[in-house]
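The chain contents come next:
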Amino acid sequence: MVKRNPWERFLSLLYPERCCCCGKTVVCGRVVCTDCRFRLKRILPPLCPCCGCAKKDCRCGRHRRHTDRCVAPFYHEGAARSALHRLKFEGKAYAAEMFCLSMAQTVQREFGEVVFDRIVPVPLSRAVFKKRSYNQSLVLAKGLASLLKVDCRELLVKEYETMPQRELPAYRRSGNVLGVFSVPSDKFIHKDCTILLVDDTITTGATIDECAKMLKIYGAKAVYAVTATASRLSEI
Ligand SMILES: [Zn+2]
Ligand SMILES: [Zn+2]
């Protein structure tokens, strides 16, 4: 249950709040309805540092990555998968709230000792941004930034469009995103900067890894990553 201020409670009388996962109306501040709450597959520690899955579910082989660690609150299954679909493809920005709250909790639990200088979203290419009109990772990053009180900056750009990662087999995904991200010359990453990279979902980690690599090439000292959901690799 999220505490709402009087103005938000008043607004909820005019525009009832909806469940992030299924869209059913819920009481003010509930965020997720009872049915969907039971259909959320939470990822519980201890976690694999590479793929964000629980160690018992990890199939990633712990390849060395450019990210220092990756975490996610939910598996890409059940109600979390529906909520992400609503956020990403149906333009329902309110569906981000459940993820932002859970991502913030996961970051505090897993990275409690880390001081972040910047929160950075994974960018979309200009063509996809135009089509979709917003970047779901930026929506998540902004929500997370206000909960964690860390500055959010769009430091990365995606130079050109690639095949959607979900349409490719796992072994082709690193190659698909190789060299597509860059840091524009007017964006400055100060030396020793610790970054929290935000994306909607992680599967093989190829996109996040490529982004982390570029941020480190441009000066970041450490790059941690948090995503709304993580896929179990055996399901690809
Ligand atoms: Zn629901
Ligand atoms: Zn793993």
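Anything mentioned here points back to the structure above.
The residue count restarts for each chain, going from 1 along the sequence in the order it is written. Throughout, the order in which chains and ligands are written sets their labels, letters from A for the former and numbers from 1 for the latter. Owing to the predicted nature of the model, reporting of local features is limited to residues with pLDDT of at least 70; listing and counting of side-chain atom pairs is limited to 80 or more, with chain, interface and lining totals taken over all residues. Based on all heavy atoms of the structure, the side-chain values leave hydrogens and waters out of the count.

S.K.: Explanation requested: the coordination of the zinc ion (ligand 2) in the structure shown.
M.R.: Tetrahedral coordination by four donors places them ideally at 109.5 degrees to one another around the metal; octahedral coordination by six donors ideally gives 90 or 180 degrees. Sites may look incomplete because water is not among the atoms; the donors themselves are N, O and S atoms within 2.8 Å of the metal, or within 3.2 Å for Na, K and Ca. The protein atoms donating to the zinc ion (ligand 2) are Cys48 (SG), Cys51 (SG), Cys58 (SG) and Cys60 (SG), with metal-donor distances spanning 2.3 Å. Taken together, the 4 donor atoms surrounding the zinc ion (ligand 2) define angles of 98 to 118° at the centre, an arrangement classified as tetrahedral. For the zinc ion (ligand 2), all donor residues lie on one chain, and their spacing in sequence is C-x2-C-x6-C-x1-C. Remark: Cys60 occurs in the loop between α2 (34-38) and β1 (69-71) and Cys48 occurs in the loop between α2 and β1; sequence separation between them is 12 residues. To sort residues, take the accessible area from a 1.4 Å probe on protein chains only and compare it with the maximum for the residue type: under 20% means buried, over 50% means exposed, and anything in between is partly exposed. Cys60 gets classed as buried once you look at its relative accessible area, which sits at 5%. Any site counts as irregular unless it has four donors with all angles between 85 and 135 degrees, making it tetrahedral, or four or six donors with opposite ones more than 155 degrees apart and the rest between 65 and 115, making it square planar or octahedral. Under the scheme used here, helices are H or I runs from DSSP no shorter than 4 residues and strands are E runs no shorter than 2 residues, and both carry numbers assigned from the N terminus.

S.K.: Which parts of the structure should I look at to understand the packing of aromatic side chains?
M.R.: The way to describe two aromatic rings as a pair is by their centre distance and the angle between their planes. Pairing of aromatic rings covers Phe, Tyr and Trp, the last through its six-membered ring, and needs centres within 6.5 Å; plane angles under 30 degrees mean stacked, over 60 mean edge-to-face, and all others mean tilted. Applying the stated criterion across every chain, the model contains 5 aromatic pairs. Taking 6.0 Å as the distance between ring centres and 70° as the angle between the ring planes, the aromatic pair formed by Phe74 and Phe99 counts as edge-to-face. One end of the pair, Phe74, is in strand β2 (residues 74-75); the other, Phe99, is in helix α4 (residues 96-110), with 25 residues separating them in the sequence. By the burial criterion, Phe74 is buried, and Phe99 matches it. Ring centres of Phe111 and Phe116 lie 6.1 Å apart, and the angle between their planes is 65°; this geometry places the pair in the edge-to-face category. Here the two residues Phe111 and Phe116 agree in accessibility, since each one is buried. One aromatic cluster is present, built from ring pairs that chain together Phe111, Phe116 and Tyr224. Positioned above the aromatic ring of Tyr75, the side-chain terminus of Arg232 is 3.8 Å from the ring centre. Two conditions define a charge located above a ring, namely a distance within 6 Å from the ring centre to NZ of Lys or CZ of Arg, and an angle within 35 degrees of the ring normal.

S.K.: Even after reading the chapter, I still don't get the environment of Arg65, so can you show me in this structure?
M.R.: By secondary structure assignment, the location of Arg65 is in the loop between α2 and β1. Given the relative accessible area of 17%, Arg65 is considered buried. Placed 148 residues apart in sequence, Arg65 and Lys213 show a C-alpha to C-alpha distance of 8.7 Å. Note on definitions: a residue-residue contact is assigned when non-hydrogen atoms from the two residues lie within 4.5 Å. Ignoring any residue separated from it by four or fewer positions in sequence, one finds Arg65 in contact with Cys50, Cys51, Thr204, Gly205 and Asp209. Here a polar contact means two N or O atoms within 3.5 Å. Within protein one must be a hydrogen donor candidate and the other an acceptor candidate, and residues neighboring in sequence count only if both atoms are side-chain atoms. For Arg65, the side chain forms a polar contact with the main-chain oxygen of Cys50, separated by 2.8 Å. In this structure the side chain of Arg65 is engaged in a polar contact, spanning 2.5 Å, whose partner is the backbone oxygen of Thr204.

S.K.: What am I meant to see in the layout of surface pockets here?
M.R.: The gaps of empty space that remain are located by a probe, the size of a water molecule, rolled over the atoms. Put plainly, a pocket is an open set of points on a 1 Å grid over the protein atoms alone with protein on both sides within 12 Å along at least five of seven lines, a cavity is a set where a 1.4 Å probe fits but cannot get out, and a lining residue has an atom within 4 Å of a point. Grid points are joined across faces, edges and corners, and a volume is the space filled by probe spheres set on the points. Empty space within the largest pocket amounts to approximately 1,100 Å³. When contributions to the lining of the largest pocket are tallied by element, the ones reaching two or more residues are α3 (78-89), α5 (126-132), α6 (136-148), α7 (173-177), β6 (194-202) and α8 (206-217). The dominant element in the lining of the largest pocket, judged by the number of residues it contributes, is α3, at 5 residues. For the lining of the largest pocket, the class distribution of residues is 17 nonpolar, 14 polar and 13 charged. Asp, Glu, Lys and Arg are counted as charged, while Ala, Val, Leu, Ile, Met, Phe, Trp, Tyr, Cys and Pro are counted as nonpolar; the rest, among them Gly, fall into the polar class.

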